[in-house]
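Residues per chain are reported as follows:
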Amino acid sequence: MPMNKSVEKINLQAKVFILSCLVSLFGTQVLVAQEAGDHQYTSEAIEAGSRVYTQQCALCHGPQGDLIDGINLRLGQFRNVQSDDDIRMVVSQGAAAGRMPAFDLRPEELSGVVAYIRAGFDPEGVAVKIGDPLRGKSLFEGKGECADCHRVNGVGPRTAPDLSSIGAIRTPASLQRNIVDPASALLPINRAVRIVTRNEETIVGRRLNEDTYTVQIVDSQERLRSLIKADLVSYEISDAPSKQATTLSSDEVADVIGYLLTLRGLR
Ligand code: HEC
Ligand code: HEC
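Residues numbered from 1 in each chain as written. Chains lettered and ligands numbered in written order. Predicted model: local features only at pLDDT ≥ 70, side-chain atom pairs only at ≥ 80, totals over all residues. Heavy atoms only, no water.

By the naming in an unreviewed UniProt entry, the chain goes by Cytochrome c domain-containing protein and is assigned to SAR86 cluster bacterium.

Listed below in structure tokens is the structure:
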């Protein structure tokens, strides 16, 4: 009998232990979920926006958002608009000397219609918040420390990918993932490497390209080098994320994304 009791006690302790583990696990999961939520519009917002759009906007812009020349709302092609606040402004003040009237929407409706546009008119889509490119540029160069590693339009180091045309090749969602959760966004080719050659040179750098016989890297002195694999004694490719998740706030990340989207390789 006393034996059974102590077994029960141990069981209880184990249960409490497992429970506290679960709590801490779920605790962090909730945190991560909130993080993503801060950077994106909710599906409720997208849905509310879809109703507003059908009732108030589709008449002129069309169900696919492409009826007005030079503008495709679904694909995010605008004349002057860049940030989410720009869209809010156009909707609440009107545009083109009254050809688009001003709308008096409630704040949820206004955010909803922005979310619907950012989600590409897809009720199940991802609607990333897009902020002010000018603020984003100064965050990129200052507090965000992005320019410590990245090169833009000929300025900055080569140790990380050149971002001069990143806005033309990546979606807002992919940019956001790289900034907020770099470990999940690591590009297969862009990895840190450590190489030892036959003549005993150790080279640390970042892989740019690779084929069966050669590998191209940029080394720690920012030199581009092409190495023949047969000449290598060791070749290690790191799986570690290349940087920490940013400490910028969700509004600041939105501004940086706004800036990155303006980088389209045209100067
Ligand atoms: C009566 C017609 C009409 C309605 C209704 C209308 N628009 Fe427009 N919208 C226009 C016209 C015309 C333009 C082009 C302005 C220009 O030439 O710069 C425009 C431009 C825009 C732009 C792009 C501005 C730019 O500079 O890139 C956005 C965004 C936009 N509309 C969103 C909306 C939304 C959201 C709604 C519904 C809440 C809406 N519009 C309803 C006629 C309309
Ligand atoms: C410590 C150096 C470092 C810092 C700081 C840094 N990055 Fe990066 N970043 C990298 C490296 C290395 C890669 C390539 C490997 C990868 O994808 O993670 C990269 C990849 C990227 C990519 C993906 C490029 C592509 O082709 O898709 C984007 C976008 C990006 N960084 C933006 C930023 C922004 C914005 C900031 C500032 C908030 C920043 N980075 C800060 C090193 C850095």
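Having seen it, we continue.
## What about the overall build of the chain?
So the rule is basically this: Counting from the N terminus, the helices are DSSP H or I runs at least four residues long and the strands are E runs at least two residues long. Working definition: with a 1.4 Å probe on protein chains only, accessible area under 20% of the residue-type maximum means buried, over 50% means exposed, and in between means partly exposed. We call two residues contacting when some pair of their heavy atoms lies within 4.5 Å.
Check the secondary structure of the chain and you find nine helices and five strands. Reading the chain from its N end, one meets helices and strands in the order α-α-α-α-α-α-α-α-β-β-β-β-β-α. When each of the 267 residues of the chain is scored for burial, the buried share is 33%. Across the chain, every contact between residues at least 6 apart in sequence was considered, and the portion connecting residues at least 24 apart equals 56%.

## A look at the site of ligand 2
As a reminder, the rule being used: If even one non-hydrogen atom of a residue comes within 4 Å of a molecule or strand, that residue is called near it. For this analysis, a polar contact is any N or O atom pair within 3.5 Å, provided that within protein one partner can donate a hydrogen and the other can accept it, and provided that sequence-adjacent residues contribute only side-chain to side-chain pairs. Space inside and on the surface of the protein is sampled on a 1 Å grid over the protein atoms alone, with a cavity defined as a set of points where a 1.4 Å probe fits but cannot get out and a pocket as an open set with protein on both sides within 12 Å along at least 5 of 7 lines; lining residues have an atom within 4 Å of a point. A molecule is said to be in a cavity or pocket once over half of its atoms fall within 2 Å of that pocket's grid points. Residue polarity is assigned by list, with Asp, Glu, Lys and Arg as charged and Ala, Val, Leu, Ile, Met, Phe, Trp, Tyr, Cys and Pro as nonpolar; anything else, Gly included, falls into the polar class.
Taken together, 21 residues lie around ligand 2, and C146, C149, H150, R170 and K243 are the ones closest in. One of the side-chain nitrogen or oxygen atoms of R170 is found 2.5 Å away from an oxygen atom of ligand 2. L187 is positioned with one of its backbone polar atoms (N or O) 3.5 Å from an oxygen atom of ligand 2. In this structure the site holding ligand 2 corresponds to the largest pocket. Elements with a minimum of two residues in the shell around ligand 2: α7 (172-180) and α9 (250-262). Sort the elements by how many residues they give to the shell around ligand 2 and α7 lands first, with three residues. Its residues assigned to classes, the shell around ligand 2 shows 12 nonpolar, five polar and four charged.

## Notes on the coordination of the iron atom of ligand 1
The condition is simple: Nitrogen, oxygen and sulfur within 2.8 Å of a metal are treated as its donors, or within 3.2 Å for sodium, potassium and calcium (Na, K, Ca); water is not counted, so a site can appear incomplete. Donor angles set the geometry label: tetrahedral for four donors if every angle is between 85 and 135 degrees, square planar for four and octahedral for six if opposite donors exceed 155 degrees and the others are between 65 and 115, irregular for anything else.
Listed as protein donors to the iron atom of ligand 1 are H61 (NE2) and M100 (SD); their distances from the metal cover 2.0 to 2.1 Å. One can describe the donor arrangement at the iron atom of ligand 1 as octahedral, given that its six donor atoms subtend angles of 87 to 178 degrees at the metal. With H61 in helix α2 (residues 43-61) and M100 in the loop between α3 (84-93) and α4 (107-118), this pair connects stretches of sequence that are 39 residues apart. Considered together, H61 and M100 belong to a single accessibility category, that of buried residues.

## Things to note about α7
Heads up, the rule is: By construction, the arc corresponds to the directions joining the helix axis to the C-beta atoms.
Every buried residue of α7 is listed here: L175, Q176 and I179. Seen from one end, α7 has its buried residues packed into an arc of 95 degrees, which puts them on one side.

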